[in-house]
Amino acid sequence: MSSIDRSQSVGGTRTYEVRTYGCQMNVHDSERLSGLLEGAGYVRAPEGSDGDADVVVFNTCAVRENADNKLYGNLGRLAPRKVSRPGMQIAVGGCLAQKDRDTIVKRAPWVDVVFGTHNIGKLPVLLERARVQEEAQVEIAESLEAFPSTLPTRRESAYAAWVSISVGCNNTCTFCIVPALRGKEKDRRPGDILAEVEALVAEGVSEITLLGQNVNAYGADIGDREAFSKLLRACGKIDGLERVRFTSPHPRDFTDDVIAAMAETPNVMPQLHMPLQSGSDPVLKAMRRSYRQERFLGIIEKVRAAIPHAAITTDIIVGFPGETEEDFEQTLHTLREARFAQAYTFQYSKRPGTPAAEMDGQIPKSVVQERYERLVALQEEISWDENKKQVGRTLELMVAEGEGRKDGATRRLSGRAPDNRLVHFTKPDQEVRPGDVVTVEITYAAPHHLLAEGEVLQVRRTRAGDAWEKRNAAEPAKPAGVLLGLPKVGVPAPLPVAASGCGCD
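Residues numbered from 1 in each chain as written. Predicted model: local features only at pLDDT ≥ 70, side-chain atom pairs only at ≥ 80, totals over all residues. Heavy atoms only, no water.

Draft legend 1. Structural view of the UniProt feature "binding site: [4Fe-4S] cluster 1" (unreviewed entry) in the chain. Here the UniProt-annotated "binding site: [4Fe-4S] cluster 1" (unreviewed entry) positions come out as C23, C61 and C95. Taken along the chain, the residues just named run across 73 residues; in space they keep tight, none of their C-alpha pairs more than 10.6 Å apart. In this fold, C95 is placed in helix 4 (residues 95-100). Owing to a relative accessible area of 2%, C95 belongs among the buried residues under this scheme. Leaving out residues up to four positions away in the same chain, C95 has contacts with T60, C61, A62, T117, L181 and R182. (UniProt positions renumbered as here; feature names shortened; annotations may be inferred. Helix = DSSP H or I, 4+ residues; strand = E, 2+ residues; numbered from the N terminus. Buried < 20%, exposed > 50% of the residue type's maximum accessible area, 1.4 Å probe, protein only. Contact = heavy atoms within 4.5 Å.)

Written out as structure tokens, the structure reads:
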């Protein structure tokens, strides 16, 4: 079969592939893009198609300094394939598209569509317009046209779902370009959020993650300072919703009513991702972060008092301009005091267009690397110590799909504990599906996962497992996954990764 023949999918329907880079917002946006394309009649390309789809969409991130190099490298590899396949289209959206606009089609004239963060709903129209007019379509909206959650969705999971509660950010952190690309914070109405959650639960979803660039600032746009804690409590009243998570909060807006709502709402999980960024007060001031080390550690202390088994994770940037050895030691001190379950650690890289990129005192790469290695080593030690405290505990796990890369060889399955720790457990004799719940005893701890090597104590089949089974019966070919670009713990993979929440929460 020729490459041109391959461009025609089953029944002559055009196929699509979405490649996602960046934070949870990008992942959620890609679910919307997939839903829009399927609503327009496209079908998802089979797993392993590797650019053989009729439409390839890049949903980009602009957080990392080399984000554009990665994009243009990938576009370059598709250029000869597009020449050999009449009718193939390439679209670029997301934060980098919002930032670079016309630059993309100048550097890669074979791109058909460029769209921004505010108008993802226009993708099918722009693709059709580019096809009919036979010229690139560049359309970047300056403000949000439709809240993303009002758009069709093709969700990646049958049992867990993102739910956006706000978009944009009102902070002005000097290392972050996201507010310039996603705009000021805009909140959804609580009734709309809860209606979406209830609809998801009716479809079989049992875990939702409330999503926002600064999730606990929710309410600023609608004039209610306690709106987020009220939303958590309202989620607790939804029958069939077993697990509620949220990401990512900002220490400035983390208030006592939120801690109380977490502690008093049974289905809000004992997990908190609280970005630190630095433990040094002078560096936090230079970053334009509105809290200091004492305030941050005070929040951690309150959370632990109210929720003793809470797993707290964080983001840390090493080598911010002007960071001294004393500043870095304050970050290490904060790690020792906070005892994070995990830390997503990043070497500072310039974000073009941010104030920090122009600051004096840029740190030499060799110094940043040395500090980074010390930070990772300390956090590895803390993570392992904290995980060892889980040995002997009996935990309920929600069975996960695709989280244990060695599960097939080890005859294990994987799941997430209430505090979101990853647990690999012995595969029971009876059938267990993603979305089902198992009860296990933890027998071993590693820095980044736990093992339950004994027999599974209990298996509970769930409506979420039923939903997973129904989806897979209807879709025998597993769809290709997105390139999440989510943070890695400890020493990173060879390719750079983006921070949780774009590293700017």
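Draft legend 2. Quick look at the pairing of strand 10 (residues 207-211). Judged by how many residues are buried, strand 10 sits mostly within the fold: five of five residues are covered. Judged by which residues are buried, strand 10 turns out to be covered on both faces: E207, T209 and L211 on one side and I208 and L210 on the other are all buried. Pairing of strand 7 (residues 160-164) with strand 10 involves five bridges; the strand directions are parallel. Each bridged residue has a counterpart across the sheet, and for A161 the counterpart in strand 10 is I208. Two strands pair when backbone bridges link them, and strand 10 and strand 11 (residues 243-247) are joined in this way by five bridges, in the parallel orientation. For L210, the partnering residue across the bridge sits in strand 11 and is F246. Assessed by its sense of winding, the connection that carries the chain from strand 10 through helix 9 (residues 227-235) to strand 11 is right-handed. (Pairing = 2+ DSSP bridges. Right-handed = clockwise from strand over helix to strand, strands pointing away.)

Draft legend 3. Here's a closer look at the environment of F346. With respect to the helices and strands, F346 occurs in strand 14 (residues 342-347). The spatial distance from the C-alpha of F346 to the C-alpha of D315 is 7.8 Å, given a sequence separation of 31 residues.

Draft legend 4. Region of the structure containing the side chain of R289. The topology assignment puts R289 in the loop between helix 11 (281-286) and helix 12 (293-306). Here H250 takes part through its side chain, which lies 3.5 Å from a polar atom of the side chain of R289. (Polar contact = N/O pair within 3.5 Å; in protein donor to acceptor, adjacent residues only side chain to side chain.)

Draft legend 5. Here's a closer look at the sheet that holds strand 20 (residues 450-452). Spatial ordering of the open sheet is given by 19-20-17-16-15-18-21, a layout of seven strands whose pairing is mixed. Sheet topology places strand 19 (444-445) and strand 21 (458-460) at the edges, where each strand pairs with a single neighbour. Here strand 18 (residues 437-441) runs beside strand 21; their pairing, made up of three bridges, is antiparallel. Paired with V438 across the bridge in strand 21 is V459.

Draft legend 6. Region of interest: the packing of helix 13 (residues 325-338) against helix 14 (residues 365-388). One way to put it is that helix 13 packs onto helix 14 with a least axis distance of 10 Å and a crossing angle of 10 degrees. Considering the angle they form, helix 13 stands roughly parallel to helix 14. Residue-level inspection shows E325, F328, E329, T331, L332, L335 and R336 of helix 13 in contact with helix 14, the latter providing R371, R374, L375, L378, Q379 and I382. Of the residues in the contact of helix 13 with helix 14, the class split is six nonpolar, two polar and five charged. (Axes fitted to C-alpha atoms, helices over the stretch in contact; angles between N-to-C directions. Parallel < 35°, antiparallel > 145°, perpendicular 65-115°, else oblique. Nonpolar A, V, L, I, M, F, W, Y, C, P; charged D, E, K, R; others polar.)

Draft legend 7. Structural context of the sheet that holds strand 6 (residues 137-139). One open sheet holds the six strands; their spatial order is 2-1-3-4-5-6, and the pairing between them is parallel. In the strand order of this sheet, the two ends are held by strand 2 (43-44) and strand 6, each with one partner. Two elements, strand 1 (residues 15-20) and strand 2, share two bridges in a ladder whose sense is parallel. From the neighbouring strand, T15 faces strand 2, where its bridge partner is V43. Helix 2 (residues 24-39) contacts strand 1, strand 2, strand 3 (55-60) and strand 5 (113-115) of the sheet and is inclined by roughly 170 degrees relative to strand 1.

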